[in-house]
Amino acid sequence: GGGGVWYGAGYIRKGKKKTKHDPKRDLSASQLKVLEYIEENEGCSAPRISEDTGIPCKSVERHVSALKARGFVVHKGSRKSGGYYVVLRRLRLSPF
């Protein structure tokens with residue numbers, strides 16, 4: 001069956017051909033906006049992201065949760081004084 005293979009670094013292998021895949025392509029416009037903000041302002045909090053982007057805080061929290069689940073960002077530090085950081089996920093999920 002001809003499905004592709006996901007590589008955490010962003011590659012799909014179809015047969016013998018490798019094609020580059022941008023994982024960010026699958027994000028919503030708001031998720032991408034939040035991710036780009038975190039890339040430029042590492043260590044920021046959800047209220048700060050909300051204030052600077054104009055996205056409601058609850059929506060920012062939902063977007064960040066989705067980004068964390070997909071391996072784009074992590075939270076470091078305490079809940080009160082910690083912040084969000086971008087992760088470059090280079091985990092290879094297939095033995096191929």
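Residues numbered from 1 in each chain as written. Predicted model: local features only at pLDDT ≥ 70, side-chain atom pairs only at ≥ 80, totals over all residues. Heavy atoms only, no water.

**Quick word on the packing of aromatic side chains**
Turning to step 1, where the next piece is worked out: For the structure shown, the criterion picks out 0 aromatic pairs.
Turning to step 2, where the next piece is worked out: Sitting above the plane of the Tyr-85 ring, Lys-76 keeps its charged end 5.0 Å from the centroid. (Phe/Tyr/Trp six-rings, centres within 6.5 Å; stacked < 30°, edge-to-face > 60°. Lys NZ or Arg CZ within 6 Å of the ring centre and 35° of its normal.)

**With respect to the confidence of the model for the protein chain**
Turning to step 1, where the next piece is worked out: Residues at a pLDDT of 70 or more form 67% of the protein chain, whose mean pLDDT is 80.
Turning to step 2, where the next piece is worked out: Highest mean pLDDT in the protein chain belongs to helix α2 (residues 46-53) (97); lowest belongs to strand β1 (residues 6-7) (48).
Turning to step 3, where the next piece is worked out: Segment residues 5-9: pLDDT under 50, and 20 contacts once partners within four positions in sequence are set aside and those in other chains are kept.
Turning to step 4, where the next piece is worked out: Scored below 50 in pLDDT, residues 89-96 makes 16 contacts in the model with residues more than four places away or belonging to other chains. (pLDDT = per-residue confidence, 0-100. Helix = DSSP H or I, 4+ residues; strand = E, 2+ residues; numbered from the N terminus. Contact = heavy atoms within 4.5 Å.)

**Details of the packing of helix α1 (residues 29-40) against helix α3 (residues 57-69)**
Turning to step 1, where the next piece is worked out: The interhelical angle for the contact between α1 and α3, taken along N-to-C directions, is 80°, at an axis separation of 9 Å. Here α1 is positioned roughly perpendicular relative to α3, judged by the angle of their axes. On α3, the residues touching Ser-30, Gln-31, Val-34, Leu-35 and Ile-38 of α1 are His-63, Val-64, Ala-66 and Leu-67.
Turning to step 2, where the next piece is worked out: Its residues assigned to classes, the contact of α1 with α3 shows 6 nonpolar, 3 polar and no charged. (Axes fitted to C-alpha atoms, helices over the stretch in contact; angles between N-to-C directions. Parallel < 35°, antiparallel > 145°, perpendicular 65-115°, else oblique. Nonpolar A, V, L, I, M, F, W, Y, C, P; charged D, E, K, R; others polar.)

**Some points on the pattern of salt bridges**
Turning to step 1, where the next piece is worked out: A complete count under the given rule lists 2 salt bridges for this structure.
Turning to step 2, where the next piece is worked out: Of the charged contacts in the structure, one is a salt bridge between Asp-52 and Arg-48, with a shortest N-O distance of 3.8 Å. Placement of both Asp-52 and Arg-48 in helix α2 is noted, with a separation of 4 residues, approximately one turn of the helix. (Salt bridge = Lys/Arg side-chain N within 4 Å of Asp/Glu carboxyl O.)

**A look at the pairing of strand β5 (residues 83-86)**
Turning to step 1, where the next piece is worked out: Taken together, the 4 bridges between strand β4 (residues 73-76) and β5 define a ladder with antiparallel strand orientation. Its bridge partner lying in β5, Val-74 is registered against Tyr-85.
Turning to step 2, where the next piece is worked out: The hairpin formed by β4 and β5 contains 6 residues between the paired strands, and Gly-77 there has a positive phi angle of roughly 95°. (Pairing = 2+ DSSP bridges.)

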